[in-house]
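Listed below, chain by chain, are the residues.
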There are 2 protein chains.
Amino acid sequence: MAAEKKLVDSITPIEEDFAKWYTDICLKAELVDYSSVKGCVILRPYGYAIWENIQKILDAKFKETGHENVAMPMFIPESLLQKEKDHVEGFAPEVAWVTHGGNERLEERLCVRPTSETLFCEHFSHVLNSYRDLPMLYNQWCSVVRWEKTTRPFLRSREFWWQEGHTIHETAEEAKAETERMLNVYADFAENSLMMPVIRGRKTESDKFAGAEATYCVEAMMHDGKALQAGTSHYFGDGFSRAFDVTFTGRENTLQYPFQTSWGVSTRLVGAIIMTHGDNNGLILPPAVSPIQIVIVPIAQHKEGVLEKAEELRKQLTAASYRVKLDASENSAGWKFAQYEMKGVPLRLEIGPKDIENGQCVLVRRDNRQKYFVKLDELESELPKIIKELEAAMFEAAKQRLEERTYTITELEEFLATAKDKPGFIKAMWCGDPACEAKIKEISDVSSRCIPFGVEPFGDKCICCGKEAKIPVYWGKAY
Amino acid sequence: MAAEKKLVDSITPIEEDFAKWYTDICLKAELVDYSSVKGCVILRPYGYAIWENIQKILDAKFKETGHENVAMPMFIPESLLQKEKDHVEGFAPEVAWVTHGGNERLEERLCVRPTSETLFCEHFSHVLNSYRDLPMLYNQWCSVVRWEKTTRPFLRSREFWWQEGHTIHETAEEAKAETERMLNVYADFAENSLMMPVIRGRKTESDKFAGAEATYCVEAMMHDGKALQAGTSHYFGDGFSRAFDVTFTGRENTLQYPFQTSWGVSTRLVGAIIMTHGDNNGLILPPAVSPIQIVIVPIAQHKEGVLEKAEELRKQLTAASYRVKLDASENSAGWKFAQYEMKGVPLRLEIGPKDIENGQCVLVRRDNRQKYFVKLDELESELPKIIKELEAAMFEAAKQRLEERTYTITELEEFLATAKDKPGFIKAMWCGDPACEAKIKEISDVSSRCIPFGVEPFGDKCICCGKEAKIPVYWGKAY
């Protein structure tokens, strides 16, 4: 019991210090280790396995929607980065520069890609000839580098892992449809695999991606009421095509510029999972991405037949395509309970001599510790139902929080009071003037998160200037 | 027919200019594109898909043998790189250096990882405590950078994609067994998935990895008789552990240094596939890693029912887990034949009105254009047999070449003549003196490839100095 107590005690309570609670989970659940390069983390096996599961699900969705994977170089020559004006302004201040190869100074310095629009455009200009080649629907999984000042595991690090989709299309309509399609892929993944409700919307002009005509996003709400941007999808129009001279021969035999998109999610999603579902006992993982879905803990494992039965169940459930771990180590059952709660394993299966006698086992849900006594011959038919219940409960808890902490506000004074005292999202109307957006940020410390899809105006006055307003906006503090 | 002719004509014949033939395939089969960073290539969808298939097969083998994936940062601080003397001497001259983050000069410059032993050692020193934590069996898939002067797609590029396994063990014996186990995983993969026979052996002292006690390798022979190192596995002893102060509390409660290994294969394997199997019509891909295993070409596709039947077959074979493409484009059948021969698709399925009438289709093997008339209701039972025959023929052709071009030589004069006139491997005895090894290289332009496993001495005199020799060595020119 000493070890168990120590293990549980070692997380800072969520109510006491949210930031510390978060970091504690990252370390105690063995997701990351710090490296000696400031702001660069190591993804340990358990943390990387979550990312691998995210990759598997999303990669299949990308392929289903017709995308192909490629690999671009990690370096971008300075002159290439500079070709699109807004893009270079947005990224140049935060890139890492390679100046030497071996002992020689490079003629032109190279940045380590912060994102790869420039590289894809250069490639498109080589391989695109005719409208028959379109669309080109590409994606790559890689890491990118942004020289951030303040860093935190998963949420903001100098190197992070992500995917970046890059597509070109014959018409603006097709490119816009792609932007929307991939935003919906992200929203669907967040809600149905990560059990994390999201708001879909468009970023304001001031907040869009450097070089984009429009940036769309899915925004989730964390335990502390702050917003986390869980994925973005950008529509570029033909701006990049023109800057990089990407052309094709169109149907009427004239030279045309294709229309472009890009879209990405990153290892930030692991941070989002922690801050959406975790509790004071540690991580709580959605079954779809959990490296271990069911941990088997034998009870009184020295008694005859217990370990054998546990191993039999491990084999059975593995064969039924669950990710299963049997912990037959000499640690106490209590220690194991705490350990796998810390690691967020969604279901614990306990099996002891009495259970075997009764032809049953005990399943315990990670989210609420609800127990299910399940007959062994009904285990495989009961498991999907229990997992569904668990998933629905995880989603509902997060949704309820999102709804309870979303405040619809029509008066500036109330807006300021809410921004100050009530962590969460504020829905308030906006006239569209960037000056009002900037002022809100200045006086309230919350910023526009997005212009949500499908939300009807609920007033007609700008929360800031009081003039006519037609745009509903979600405001909040953000990671 | 014009397009078809042009397509085929556009590859340089293998007999005329092997290097150009190779590059032609890389480009015409749409495997790579050049980027504007010298020596860095882009892996296009078709090239990347081959690498993805290689990854899938190997990753499953790594996991079966107990390894877990992690992700390390791409940067190594200069001071960390310098901790192991031989290692830094080997790699420092060819690394890319990051000196600036945004507009600020870094206090310490960072190299882009050329390999990650130093990063793994630092991490091991953080997470290793007791012998109970051992072994730690890690792998990562990533790209690494080496600032090479002369570069060629897949074979030698400044950035390349690979996997690097890094493991630590309680005892030297366990680490040695791991080194051997992973070498065998590579050999098995090369021979049974890539259909590429390999020689397993140990590198000489002068040729081993910087910092290793021993380097093992699998060497394959290319079409032109040159050797290609297809994978390496290193045993480090406790040298890195001591340099990086990686310790654990042993069974007797004393502080000990673990024993270490690393092993890797890279996108070089794609180059090896091209140069092992390709011919004057283009690439020939082993079915296990081919992005398309069967291409369906409808014959007289404007005729009623042809496209419908072709689509029906596509669905059927896709459901049977083959990677299938139906090309229903308006290009001529002849153009399609040439196109998918260029791309190395192992099997072509032709289906036309007469075939449909006869309830059959025609399968054509890429390697020798052998035709099989197969009843449609026997297609699924025949395919595995035909694929097995194709694979066996690919392996046998490569094996025969390897054997025919391996010359066992006992006299220096004959060695020099063979090295000059007969591209291939030379088996010759060596006394073990590095001076002899260096001299051979100087006077013959061939170098030691490896000390093969399981080859009995076939003489007792050193090919160079004539003194007593116990070590059989494969010599050759290498990529």
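Relevant structure appears above.
Predicted, not measured: the structure shown is a model, and the values here were computed from it.

Observations concerning the relation of the copies chain B and chain A
Expressed as a screw operation, the relation of chain B to chain A combines 0.0 Å of axial shift with a rotation of 180 degrees, fitting to an RMSD of 0.0 Å. In the structure described here, the two chain copies are related by an operation that fits a two-fold rotation axis. Residue B:Val98, judged by its C-alpha, is the member of chain B lying nearest the rotation axis, at 2.1 Å.

Re the sheet that holds strand S17 (residues 347–351) of chain A
All names here are of chain A. Strand order in the open sheet made by the five strands is S16-S15-S17-S18-S19, with mixed pairing throughout. The open sheet has two edge strands with one neighbour each: strand S16 (324–326) and strand S19 (371–375). Pairwise comparison of adjacent strand axes, ignoring direction, gives a mean angle of 25 degrees for this sheet. Across four bridges, S17 lies against strand S18 (residues 360–365) in antiparallel orientation. Within S18, the position partnered with Glu350 by the bridge is Val362. Contacting strand S15 (294–298), S16 and S17, helix H10 (residues 306–319) crosses the sheet at an angle of about 170 degrees to S15. On top of the sheet, helix H13 (residues 379–404) reaches S15, S17, S18 and S19; it is set at about 15 degrees to S18, its chief contact.

With respect to the packing of aromatic side chains
What the rule picks out here adds up to 32 aromatic pairs over all chains. Ring geometry for B:Phe240 against B:Phe244: centres 6.1 Å apart, planes inclined by 15 degrees, an arrangement best described as stacked. With a gap of four residues between them, B:Phe240 and B:Phe244 both fall in helix H8 (residues 239–244), about one helical turn apart. For the pair B:Phe240 and B:Phe244, one class covers both residues: buried. The structure contains a cluster of three or more aromatic residues connected by ring pairs, namely A:Trp51, A:Phe62, A:Trp141, A:Tyr186 and A:Trp263. Geometry around A:Tyr479 places A:Lys226 over its ring, the cationic atom sitting 4.3 Å from the centre.

Let's talk about the state of the cysteines
This structure, assessed with the given rule, holds zero disulfides over all chains. Among the cysteines around A:Cys431, which has no disulfide bond, A:Cys462 carries the closest sulfur, lying 3.7 Å off. In this structure B:Cys436 is not part of a disulfide, and its nearest cysteine sulfur, from B:Cys465, lies 3.6 Å away.

What to know about the sheet that holds strand S15 (residues 294–298) of chain B
Residue and element names in this part refer to chain B. Ordered by their spatial adjacency, five strands build an open sheet running S16-S15-S17-S18-S19, and the pairing between neighbours is mixed. Every interior strand has two partners, whereas the edge strands, strand S16 (324–326) and strand S19 (371–375), have only one. Ignoring which end each strand starts from, the neighbouring axes of this sheet average 25 degrees apart. Of the strand pairs in this sheet, S15 and strand S17 (residues 347–351) are connected by five bridges, and their pairing is parallel. Note on S17: the bridge partner recorded for Val297 is Glu350. Where helix H11 (residues 333–342) meets the sheet, it contacts S15, S16 and S17, and its direction lies at approximately 170 degrees from that of S15.

Details of the layout of surface pockets
It is the rolling of a water-molecule-sized probe over the atoms that shows where space remains empty. As a volume, the second largest pocket reaches approximately 2100 Å³. A:Glu30, A:Lys325, A:Gln339, A:Lys343 and B:Glu68 are, among the 48 residues lining the second largest pocket, the residues nearest its centre. Looking at the lining of the second largest pocket element by element, the count peaks at six residues for helix H3 (residues 45–64) of chain A. Each residue belonging to the lining of the second largest pocket can be placed in one class, and the counts come to 20 nonpolar, twelve polar and 16 charged.

Here we look at helix H9 (residues 268–277) of chain A
The element H9(A) is extensively covered by neighbouring structure, given that ten of its ten residues are classed as buried. Here H9(A) has its buried residues at A:Arg268, A:Leu269, A:Val270, A:Gly271, A:Ala272, A:Ile273, A:Ile274, A:Met275, A:Thr276 and A:His277.

Section: the side chain of A:Thr406
Residue and element names in this part refer to chain A. Mapping Thr406 onto the fold places it in strand S20 (residues 406–408). Only 2.4 Å separates the side chain of Thr406 from the backbone oxygen of Leu402, close enough to count as a polar contact. Residues within four places of Thr406 in sequence aside, it is in contact with Met221, Phe425, Lys427 and Tyr474.

A look at the interface of chain B and chain A
Tallying the contact residues gives 52 residues for chain B and 52 residues for chain A. Where chain B abuts chain A, roughly 4300 Å² becomes buried across the two surfaces, and 59% of that area is made up of carbon and sulfur atoms. Summed over the three residues of chain B that lose the most area to chain A, namely B:Pro45, B:Ala71 and B:Met74, the buried surface amounts to 13% of that side. The interface formed by chain B and chain A holds four salt bridges in total. Residues A:Lys63 and B:Glu52 are paired through a salt bridge, measuring 3.0 Å at the closest nitrogen-oxygen approach. At the junction of chain B with chain A, the criterion picks out 23 residue pairs in polar contact (both at pLDDT 80 or more). The leading source of residues in the side of chain B that touches chain A is strand S5 (residues 96–101) of chain B, at six residues.

Description of the pattern of salt bridges
All names here are of chain B. Going through the model one piece at a time under the given rule, you end up with 64 salt bridges over all chains. Across the salt bridge formed by Arg156 and Glu148, the nearest N and O atoms sit 3.5 Å from each other. On the basis of relative accessibility, which here comes to 16%, the residue Glu148 falls in the buried class. Linking Arg365 and Glu389 is a salt bridge whose minimum nitrogen-to-oxygen distance equals 4.0 Å. On the criterion of sequence distance, the pair formed by Arg365 in strand S18 (residues 360–365) and Glu389 in helix H13 (residues 379–404) is long-range, its members being 24 residues apart. Look at Glu389 and you get partly exposed, because its relative accessible area is 38%.

Scoring rules and cut-offs
- Residues numbered from 1 in each chain as written.
- Chains lettered and ligands numbered in written order.
- Predicted model: local features only at pLDDT ≥ 70, side-chain atom pairs only at ≥ 80, totals over all residues.
- Heavy atoms only, no water.
- Least-squares fit on C-alpha atoms with pLDDT ≥ 70 in both.
- Pairing = 2+ DSSP bridges.
- Helix = DSSP H or I, 4+ residues; strand = E, 2+ residues; numbered from the N terminus.
- Axes fitted to C-alpha atoms, helices over the stretch in contact; angles between N-to-C directions.
- Contact = heavy atoms within 4.5 Å.
- Phe/Tyr/Trp six-rings, centres within 6.5 Å; stacked < 30°, edge-to-face > 60°.
- Buried < 20%, exposed > 50% of the residue type's maximum accessible area, 1.4 Å probe, protein only.
- Lys NZ or Arg CZ within 6 Å of the ring centre and 35° of its normal.
- Disulfide = S-S within 2.5 Å.
- 1 Å grid on protein atoms, 1.4 Å probe; cavity = no way out; pocket = protein on both sides within 12 Å on 5 of 7 lines; lining within 4 Å.
- Points joined across faces, edges and corners; volume = space filled by probe spheres on them.
- Nonpolar A, V, L, I, M, F, W, Y, C, P; charged D, E, K, R; others polar.
- Polar contact = N/O pair within 3.5 Å; in protein donor to acceptor, adjacent residues only side chain to side chain.
- Buried area = accessible area lost by both parts, 1.4 Å probe.
- Salt bridge = Lys/Arg side-chain N within 4 Å of Asp/Glu carboxyl O.

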